[in-house]
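What the coordinates show
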Amino acid sequence: MKILIAEDDENSRYLLETILTADGYAVISFENGLNALQYLQTDFVDLIIADILMPEMDGYGLCRAVKQNYLLQDTPFIFYTATYTSAQDEQFALSLGATKFLVKPMLIPELLAVVAEVFKTESIRKPPKNLGLSLNSSLNIDEQHVERVRAKLEKKIHELSDEQQKLLASEARFRDFAEASADWFWESDQNLKINALAGSPTGLNFRSLTELAKACHSHNTNDMLKTLEAHQNFADFVVRFTDVAGKLAYLRVSGKAVFDKDARFTGYRGVGRDVSDMVALNRRLEFIATHDELTGLPNRSMLRQHLEHTLAMAARSGQQVLLLFFDLDNFKMVNDSLGHEAGDELLIKAAKRITERVRATDVLARLGGDEFVMVMEGASPQDGHRFVRDIIEAFAQPFDIQQQSVYCTVSIGVSVYPDDTKDPQTLMGYADLAMYRAKQNGRHDFEFYTSKLNFIAHQWLEMEHGIREALKDQQFFVVYQPQVENQQQQLVGMEVLIRWRHPERGLISPMDFIKIAEQSSLINQIGEWVLDATCQQMRAWLDQGYKVPRVSINISARHIRSEGFCEALLTIPAKYQINPNRLCIEITEYALLEEMNIVKKNMLFLKEAGFSVSLDDFGMGHSSLLYLKRWSIDEVKIDRSFIEGLVGSEGDRIIVKAMVSLSNALSLKLVGEGVENQQQADILAASGCIVVQGYFYSPPIEASQMESWLKK
């Protein structure tokens, strides 16, 4: 089934494309009703989904035009809007001939159910005879002609010299390779008409290279047309078409211009390959990079970009912006008592309960766990008061979870731009502080940030002072977690981790002080201290005759964006005569998001100096194949969240296999971290992940214990 989408919002349009394509539908989309209508003049679709408020031609105009065209009037039409949502709007839409009137946002399963219902209830129509173009069978190579050519070749073999026979043998080998390959072959004449196809996908309906250029997905159509007009070679142009099953397919096409002995252009010869799976995987990774997979909401990465953009707009317009931080009360108890599936269902329904009450311009995102953040653009504190009271009242009602009534309230913190601060990160921190104050007040409440919340800031200052004292008094120490080859369990590397032994409070978790250190340059000092302690221990081991494998050290995003980064990584290993190729620098994907000159300079330095670079927490919100290529990453580490779900989640197993395939294709090392049991280890091994680490093999241990591993 083929679905046409008319939606002017790029994020909404892309989300609909991804959802429907993943469910097996062929999808074509346009940013306004006029472009959609032009497409419908020549191409047939089974269903139209349209927004109402769009430039050039709105959804009402598109629906009216479709229903007045006798060739199109039976096409089912769904309105999907967040702006015109009244009963009068719905009545008007249905009077135009619309099949359904839906209000954004909807949960993904509910939207897909409506689409399936429409296809079930509406009769299946055949395309009108004067719509659509397709190739006829004349484009397929005639089998009798092939047999005649083969017979002539066999007869000619006996008349050829030894050298000619060798040439024929070479041609035969090439033919075998071609037939065995996944590629298909094509040829065009001087007018760019495709006159020969071999091994092409079924349903391919391009008559000429000009039509192919118009379907180009990876390059601008005009650029490809100019390349063809100039008779230039081209490579890796990706085009899309709908196959015989009605699914959208993608082909990577390359062509070489052919000239005769008089240098006259005679056409093109080229090859193509079906890259639909690769495109689907890339889209999946891109979607995961910007959206929360469970709820479909924007994730931390997209929220950050949207917040920065919104504050920049507000600075020019003089408007206020509210930032709301939501945290579900007692979610952990529900998750632990009813199970993770119930917890996931609660998160989905909680997100829906909030989104049902937002304005069209509000953006709700999920940070992770049971935390949500919403940006209210152009809203006053009075607007915020009314909204959070409405949310508090809504969450007083129970949720229906696995046929049980589950009560889960919410605590909300609110900060206001520019009243509280003009800095996006600080605005987020203030909303977070206000939310914690709401929890301290008894939960199921809201709190606006005020300067009275400085008691929390005071705690931060005390922790920051403690970190400075710890650096001065050598209260920090490092531990090492082995990285092993998962078949023979041989040591192939180790990761260095920091610990804090406070003279009064005992061991303090890195979770309690790293976040505070990252707000200042203290994280840089901690990183350099860890590097110094590690190199010192490595020198001691080497002097004792141990064979020390590669050692991985974590470097913060703030550190890699600092001017002193290069100097520290040059001087400290040199001080202990440690070759940089013995060290691997682990960075998070977040560190590469801002492509500042200093980041480019420091990343280039790492590669030139001989350090290995590992991308930590791969796949957790910012992943992009672009980073792997641009920064010449040597290794990626599968985030432990995917490892945790390997046993019970088919989705996590598919993602891990995709990461293994991707790392193999890009010649990257791959490490699975957070392995805690034999089942996880076995699944990783079966998926092709060779190097692993986690408590199943060894917890982080001190240097004296690590020596027993080095002796193996």
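Just above, that's the structure.
Position labels on residues start from 1 in each chain and follow its written sequence. Only residues with pLDDT of at least 70 are given local features in this predicted model, and only at 80 or more are side-chain atom pairs given and counted; all residues enter the totals for whole chains, interfaces and linings. Excluded from the side-chain calculation are hydrogens and water; included are all heavy atoms of the structure.

Some remarks on the overall build of the protein
Under the convention used in this document: In this text, helices come from DSSP runs of H or I with a minimum length of four residues, and strands from runs of E with a minimum of two, each type numbered from the N-terminal end. For every residue, the accessible area obtained with a 1.4 Å probe (protein chains only) is divided by the maximum for its type, and the residue is called buried under 20%, exposed over 50%, and partly exposed between those limits. Contacts between residues were defined by any pair of non-hydrogen atoms, one from each residue, lying within 4.5 Å. Per-residue accessibility takes into account occlusion by the displayed protein chains alone, with areas from the Shrake-Rupley method and a 1.4 Å probe.
What the protein contains, in helices and strands, is 26 helices and 26 strands. Expressed as a percentage of the 712 residues in the protein, the buried residues total 48%. Look at the contacts in the protein between residues 6 or more apart in sequence, and 64% of them connect residues 24 or more apart. Total accessible area on the protein stands at roughly 36,000 Å², and carbon and sulfur atoms take up 50% of it.

Section: the sheet that holds strand S1 (residues 2-6)
Basically, it comes down to this: Two strands qualify as a pair provided DSSP detects at least 2 bridges between them. Helix axes use the C-alpha atoms of the stretch in contact, all axes being lines fitted to C-alpha atoms, and the angles between their N-to-C directions lie in the range 0 to 180 degrees.
Sheet architecture is open: five strands sit in the order S2-S1-S3-S4-S5, paired in parallel fashion. In the strand order of this sheet, the two ends are held by strand S2 (26-30) and strand S5 (100-103), each with one partner. Between one strand axis and the next, the sheet turns by 20 degrees as a mean value, whatever way the strands run. Looking at chain direction, S1 and S2 are connected through five bridges and run parallel. Following the sheet pairing, Lys 2 is matched in S2 by Ala 26. Where helix H5 (residues 108-121) meets the sheet, it contacts S1, strand S3 (47-50), strand S4 (77-81) and S5, and its direction lies at approximately 175 degrees from that of S5.

Observations regarding the nonpolar core
The cut-off we apply is this: The term nonpolar core refers to a set of buried residues drawn from Ala, Val, Leu, Ile, Met, Phe, Trp, Tyr and Cys, joined through side-chain atoms within 4.5 Å.
In this structure, Ile 467, Phe 476 and Leu 606 are the most contacted members of the largest nonpolar core, which totals 81 residues. It is helix H18 (residues 522-543) that provides the largest number of residues to this core, a total of ten residues. Among all residues touching Ile 467, those that are not within four sequence positions of it are Phe 476, Trp 500, Phe 513, Ala 517, Leu 522 and Ile 526. Leu 297, Met 376, Ile 392 and Ile 401 belong to the second largest nonpolar core, which has 33 residues in total.

Topic: the pairing of strand S10 (residues 265-274)
Across nine bridges, the pairing between strand S9 (residues 248-259) and S10 is antiparallel. The partner of Gly 255 across the bridge, within S10, is Gly 270. Taking the residues between adjacent antiparallel strands as the criterion, S9 and S10 are bridged by five residues, where Ala 263 takes a positive phi near 65 degrees.

Comments concerning the environment of Val 479
Following the sequence through the fold, Val 479 ends up in strand S18 (residues 476-485). C-alpha separation for the pair Val 479 and Pro 700, spaced 221 residues apart in sequence, amounts to 5.5 Å.

Focus on the side chain of Glu 707
So the rule is basically this: Asp and Glu are treated as the negative residues and Lys and Arg as the positive ones, with His and the ends of the chain left uncounted. In what follows, salt bridge is the name for a side-chain nitrogen of Lys or Arg lying within 4 Å of a carboxyl oxygen of Asp or Glu. In protein, a polar contact means a hydrogen-donor-capable atom and an acceptor-capable atom, both N or O and within 3.5 Å, with residues adjacent in sequence counting only if both atoms are side-chain atoms; elsewhere, any N or O pair within 3.5 Å suffices.
With respect to the secondary-structure elements, Glu 707 resides in helix H26 (residues 703-710). No salt bridge is formed by the buried Glu 707, whose closest oppositely charged neighbour, Lys 711, lies at an N-O distance of 5.4 Å. Among the polar contacts listed, one links the side chain of Glu 707 to the side chain of Trp 541, at a separation of 3.2 Å. The contact partners of Glu 707, leaving out residues within four places of it in the chain, are Trp 541, Gln 544 and Tyr 546.

Brief notes about the sheet that holds strand S13 (residues 371-377)
Overall, mixed pairing links the five strands, which are arranged S12-S13-S11-S16-S17 in an open sheet. Taken across any chain shown, the strands that pair with only one partner, and hence form the sheet edges, are strand S12 (363-368) and strand S17 (446-448). Strand after strand, the sheet turns through a mean of 20 degrees between neighbouring axes, direction not considered. Taken together, the eight bridges between strand S11 (residues 321-328) and strand S16 (residues 410-417) define a ladder with antiparallel strand orientation. Counted as the bridge partner of Phe 325 is Gly 413 from S16. Of the strands in this sheet, S11, S12, S13 and S16 are in contact with helix H11 (residues 300-317), which crosses S13 at around 20 degrees. Sheet strands touched by helix H13 (residues 340-355): S11, S12 and S13. Its angle to S12, the strand with the most contacts, is close to 155 degrees.

Looking at the packing of aromatic side chains
What counts is decided by this rule: Geometry of aromatic contacts follows a simple scheme: Phe, Tyr and Trp rings, the Trp one being its six-membered ring, pair when their centres are within 6.5 Å, and the pair is stacked under 30 degrees between planes, edge-to-face over 60, tilted otherwise. The criterion for a charge sitting over a ring is simple: Lys NZ or Arg CZ within 6 Å of the ring centre, and within 35 degrees of the ring normal.
Within this structure, the stated rule accounts for 21 aromatic pairs. Measuring from ring centre to ring centre gives 5.5 Å for Tyr 25 and Phe 119, while their planes differ by 25 degrees; the resulting arrangement is stacked. One end of the pair, Tyr 25, is in the loop between helix H1 (10-22) and S2; the other, Phe 119, is in helix H5, and 94 residues separate them in sequence. Comparing Tyr 25 with Phe 119 shows no difference in burial state: the two are buried. With centroids separated by 5.8 Å and ring planes inclined at 65 degrees, the aromatic side chains of Phe 259 and Phe 265 adopt a geometry described as edge-to-face. For Phe 265, a relative accessible area of 13% gives the class buried. One Lys or Arg, Arg 353, reaches over the ring of Phe 399 and ends 3.6 Å from the middle of that ring. Seen from the ring of Phe 477, Arg 501 lies directly overhead, with NZ or CZ sitting 4.2 Å from the centre.

Section: helix H2 (residues 33-40)
The test is simple: Each direction from the helix axis to a C-beta atom contributes to the arc, which is the arc of those directions.
For H2, the set of buried residues is Gly 33, Ala 36, Leu 37, Tyr 39 and Leu 40. Down the axis of H2, the buried side of the element spans an arc of 160 degrees, and every buried residue falls inside it. Looking at the buried side of H2, the elements it contacts are S1, S2, S3 and helix H3 (59-68). Its side-chain oxygen at 3.0 Å from the backbone nitrogen of Leu 34, Asn 32 defines the N-terminal cap of H2.

Notes on the pattern of salt bridges
Scanning the model with the defined rule gives 29 salt bridges in all. In this structure, the salt-bridge partner of Asp 260 is Arg 264, at a minimum N-O distance of 3.0 Å. Assessed through its relative accessible area of 27%, Asp 260 is described here as partly exposed. Residue Arg 264 is classed as exposed on the basis of its relative accessible area, which comes to 53%. One salt bridge connects Arg 501 with Glu 702, and the closest N-O pair in it is separated by 3.8 Å. Taken together, the residues Arg 501 in strand S19 (residues 490-502) and Glu 702 in the loop between strand S26 (691-693) and H26 connect sequence positions 201 residues apart. Bridged by salt links that share partners, the residues Glu 110, Lys 352, Glu 356, Arg 357 and Asp 390 form one connected network.

A short note on the environment of Ser 12
In this structure, Ser 12 sits in helix H1. The exposure class assigned to Ser 12 is partly exposed, which follows from its relative accessible area of 24%. Note: C-alpha distance between Ser 12 and Asp 51 (39 residues apart in sequence) is 9.8 Å.

Digging into H1
Rule in force here: A helix is expected to span 1.5 Å for every residue after the first.
Between its first and last C-alpha atoms H1 spans 18 Å; for 13 residues at 1.5 Å apiece the expected length is 18 Å, and the two agree. Where H1 is concerned, the buried positions are Arg 13, Leu 16, Glu 17, Thr 18, Ile 19 and Leu 20. The inward-facing, buried residues of H1 contact S1, S2, S3, S4, H5 and helix H10 (276-290). Between the side-chain oxygen of the N-cap and the backbone nitrogen of Asn 11 there are 3.4 Å, and the N-cap of H1 in question is Asp 9. Gly 24, located one to two residues past H1, shows a positive phi value of around 100 degrees.

Some words on unusual backbone geometry
It is generally the case that most residues other than glycine have a negative phi and that most peptide bonds are trans. Of note, the bond from Lys 104 into Pro 105 is cis; its omega dihedral lies within 30 degrees of zero at -15 degrees. In this structure, the amide linkage connecting Tyr 417 to the following residue, Pro 418, adopts the cis form with an omega of 0 degrees. Along the chain, Pro 418 falls in the loop between S16 and helix H15 (424-440). Backbone geometry at Asp 236 places phi at a positive 60 degrees, although glycine is not the residue there. Its location among the elements puts Asp 236 in strand S8 (residues 234-242). Residue Ser 667 is not a glycine yet carries a positive backbone phi of 55 degrees. On the accessibility criterion, Ser 667 (68% relative accessible area) is exposed.

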